[in-house]
Amino acid sequence: MKRFKTFLAMLLLFCMVVSNLAGMDADDILSANLPIAYGDAQFRQRILERTNGERSPIGLVLSGGSARAFAHIGVLKYLEEQGIVVDFIISNSMGSIVGLMYAAGLSPDQILDCVTGVSLQSLFDTTLPLQGGMLDSSRFLAKVASILGEDLRVETLVLPIIVIAEDLVTKRQIHISEGDFYTVLRASYALPVYFPPVEYQGHLLLDGGVTNIVPVNLAYEFADSVIVSTTFYDVDTLNLKNPLTILNVSLDIGKRRRGVDELKQALDDVIWIRNNVESVSFMEFSKAEYLTQKGYESAKLQEQSLSGLYKSGISEELSQLRVQLQKNLLVSSSQYDLFKHVPVNVPSHLLGAGLDSDYTFFDTSALRDDTTLGLKYQWKTGNLALSANVGYAFNFVTNDQFSAVPAIRTQVDYHMLKHLKATGYASVLFDFADAAPIFSFGAVLEGRVFTFQNKLRLSLMQSIEQMSNTKNSTFTDAWDGHTYLYTVRLQGLLAAQEKQGWSLSDTSLAFNYQILGDYTINRSFLSTRLETELVQNAWDMFGSMVSYARFAADGNGDVPFFISDGFRTTNTLIKAQGHDLSLSVNPANHLVGLNLTIGYRPVSFRPTMAELFLFQNSSVAVYADLLWYQNSFKPALSLGLEMHTDISLLGIRTLPLTVYGGWDQSVNTIVWGFFFTMSF
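All of these numbers come straight from a predicted model, not from anything done at the bench.

Colleague: Can you tell me about helix H12 (residues 316-339), naming the residues and giving the values?
Modeller: Counting along an α-helix, one turn takes 3.6 residues, and residues three or four places apart therefore face a common direction. With 24 residues, H12 ought to run about 34 Å at 1.5 Å a step, and its terminal C-alpha atoms sit 36 Å apart, in line with that. If you check which residues of H12 are buried, you get Leu318, Arg322, Leu325, Leu329, Ser332, Tyr336, Leu338 and Phe339. Looking one or two places after H12, you find Lys340, whose phi comes out positive at around 55 degrees.

Colleague: Now, about the domain arrangement of the protein chain: what can you tell me, with residues and values included?
Modeller: Frequently, the measure chosen for interface size is the accessible area that the parts lose on association. Domain boundaries assigned for the protein chain yield domain 1 (30-337) and domain 2 (354-676). With centres defined by C-alpha atoms, the gap from domain 1 to domain 2 works out at 41 Å. Contact with domain 1, which involves 26 residues of that partner, is made by 19 residues of domain 2. Here domain 1 meets domain 2 over a buried area of about 2,100 Å², counting both sides, of which 59% is carbon and sulfur. Seen at the junction of domain 1 and domain 2, the total is two salt bridges. If you look at where domain 1 meets domain 2, you find five residue pairs in polar contact (both at pLDDT 80 or more). Counting residues per element, the ones that place at least two in the side of domain 1 that touches domain 2 are strand S4 (125-126), helix H9 (243-265) and H12. Counted by class, the side of domain 1 that touches domain 2 contains twelve nonpolar, nine polar and five charged residues.

Colleague: Explain the pattern of salt bridges to me, using residue names and the numbers behind them.
Modeller: Taken as a whole and judged by the stated rule, the model has 25 salt bridges. One salt bridge connects Asp109 with Lys77, and the closest N-O pair in it is separated by 3.1 Å. Of the two residues, Asp109 is situated in helix H5 (residues 108-116) and Lys77 in helix H3 (residues 71-81); the sequence distance between them amounts to 32 residues. Through salt bridges with shared partners, one network takes in Asp358, Arg368, Asp370 and Arg409.

Colleague: Lay out unusual backbone geometry in plain terms, naming residues and giving numbers.
Modeller: Of note, the phi angle at Ser66 is positive, near 50 degrees, even though the residue is not glycine. The class of Ser66 is partly exposed, set by a relative accessible area of 21%.

Colleague: I'd like a description of the nonpolar core, backed by residues and values.
Modeller: Among soluble globular proteins, nonpolar side chains are generally buried collectively. If you look at the biggest cluster of nonpolar residues, it comprises 85 residues, and the most contacted ones within it are Phe140, Leu148, Leu157, Phe181, Tyr182, Leu185 and Ile227. Mapping this core onto the domain boundaries places at least three of its residues in each of domain 1 (30-337) and domain 2 (354-676). Contacts of Leu157, omitting those with residues within four sequence positions, involve Arg46, Leu100, Ala103, Ala104, Leu152 and Phe181. In this structure, Ala407, Tyr548, Ala552 and Phe675 belong to the second largest nonpolar core, which totals 33 residues.

Cut-offs applied
Numbers given for residues are sequential positions, taken from 1 along each chain in its written order. In keeping with the model being predicted, local features are shown solely for residues with a pLDDT of at least 70 and side-chain atom pairs are shown and tallied solely at 80 or more, while totals for entire chains, interfaces and linings include all residues. Side-chain measures here rest on the full set of heavy atoms in the structure, leaving out hydrogens and waters. Runs of E in the DSSP output that reach at least two residues are strands. Runs of H or I that reach at least four are helices, and both are numbered from the N terminus. The span expected for a helix works out to 1.5 Å for each residue beyond the first. The classification of residues rests on relative accessible area computed with a 1.4 Å probe and restricted to protein chains. Under 20% of the type maximum is buried, over 50% is exposed, and intermediate values are partly exposed. For the purposes of this description, domain bounds are those given by an automatic or database domain assignment. Note on contacts: a residue pair qualifies if any of its non-hydrogen atoms lie within 4.5 Å across the two residues. Accessible surface is computed with a 1.4 Å probe, and the buried area is the amount of it that two parts give up when combined, taken over both parts together. We define a salt bridge as a contact between a side-chain nitrogen of Lys or Arg and a carboxyl oxygen of Asp or Glu at a distance within 4 Å. Contacts described as polar in this section are N or O atom pairs within 3.5 Å, which, within protein, must combine one atom able to donate a hydrogen with one able to accept it, while residues neighboring in sequence count only if both atoms come from side chains. Note that Gly is not counted as nonpolar here; it falls among the polar residues with everything else outside the nonpolar set of Ala, Val, Leu, Ile, Met, Phe, Trp, Tyr, Cys and Pro and the charged set of Asp, Glu, Lys and Arg. For the purposes of this section, nonpolar cores are sets of buried Ala, Val, Leu, Ile, Met, Phe, Trp, Tyr and Cys residues that join through side-chain atoms within 4.5 Å.

Set out below in structure tokens:
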């Protein structure tokens, strides 16, 4: 059997050599089934050096499967615990991301730390498919480079690896075991339409998993002992009449059939680790730890079959490399954790749909209360990012203010010395109904540090913002004329605390000193804000609280109300309070609010739409907003129902949407609206 396989391997290699000598003629139909290999001779030599010709090599095949491929991390962890370090890896698609990181020297635990220590939202950008894909991965590649280094080649990795891709030019399969690490990495996950094809040696490469999710046969060209780790997809709840689902499943039929065919041919010899993750959607990237554990458990079921393999253990050289990589990982994490920022090592240009929301978590603006949807251009290099968004500004927070006006919005961000971030922005809006231009601009400088073993983040922020509503357009919620707001904020953010059955989300406490003025009059205010959420995990229940208080330092009352305070109302008197500095209406020197929410957030409820959009973190809740703004113990009340969901594109790019409706007691009427709480 072994001699027959060796003969077939040599025959196939001969065909490949002849094919390469003949050139890569895209018109030669009969060569379409012959793969093109790069670095094959060196790959074989490296395997020989690992075994010294004294034993049979051990090969590992890592299948594709998108998020499910995180199960391979658990498989690798179990293999290492048994002293098994494979001699080479064959991989495609998401399996190649895990495989390349492992081949570069990272331990399974370090790979898991890499994928769980970041938000995918902060690593990928949407763009127009001018280059063939909707997603840009510049920040993801930069994050990996911050750990592994920028100058890295596949043929010099600790473990030999072949990444399988498909070529749009020759219509042939490409086997890559040499070349720039990050070029090969990009090619490994270049899923058609979602990511652009990648140029390599005259080819335009796509994710190899589109034709065969489990490339078993190739591994037997180099070894008789082969481990195959699979992450097939087997869900029976899909709507098979949805056009996009039909397209996705049609592609899955071919690649699954080819992979199963190769797997069946090798079942007598192969050690098959069938990971128990087949019911998990390919978009469930947030389940990395769960998938890793399932992979570990699935590998453990093959303990007897694995026991006969050669056990080399971790070499001293690899151990030392991992110590260095751990240092790089800690430095990269500490830089990222402060601002969720990744310096881009290769300048990138992006043009796509832009959605810039002023309802961000821990909002730094109080005068701006809109969301701009338009065509957005971004340029990023190193720690600098510039953007311009041309489209329409929307204000849909309450039903008394629904409106949209043309807008141009620009912004520049610069991260300095790890602990500092500077932001400048400017926007122009034009209200056609009132023939009124609206100008706004501002700047923010914020410094952050971690303390108490990274459990507490402290930040000090200064910001200045101005709104110029020269013709008193109603779009700006009664901010008329020229208004500026200067803010100094000291904030503490306590990291989430998890206990058995209960968990406390990130909790923030902020103290502010603010100066509000119109260049003839200015007033000072002191304020504080507390935000937290308590979750009962066993029941999927949660309760959140936001409390805030603002006081007039001069004792003249008329404490201003900002939409970002969070009290949901259509009461024009409340919404305009303190905006006109020339009027004295309310003698109360305080504005105190309390927003309470109690709801249900089922963890298991994660529906998908055509395997393209994932709806996660969905919740329904009852809210009660209280506001004490007069010299009276009785507060204004807004009571209603709130629904929230995170709409995720492929589990990578997320749009959080909140819709609410209820009763506004202060004016005895219905209040409703919706807003996007974009976060990065």
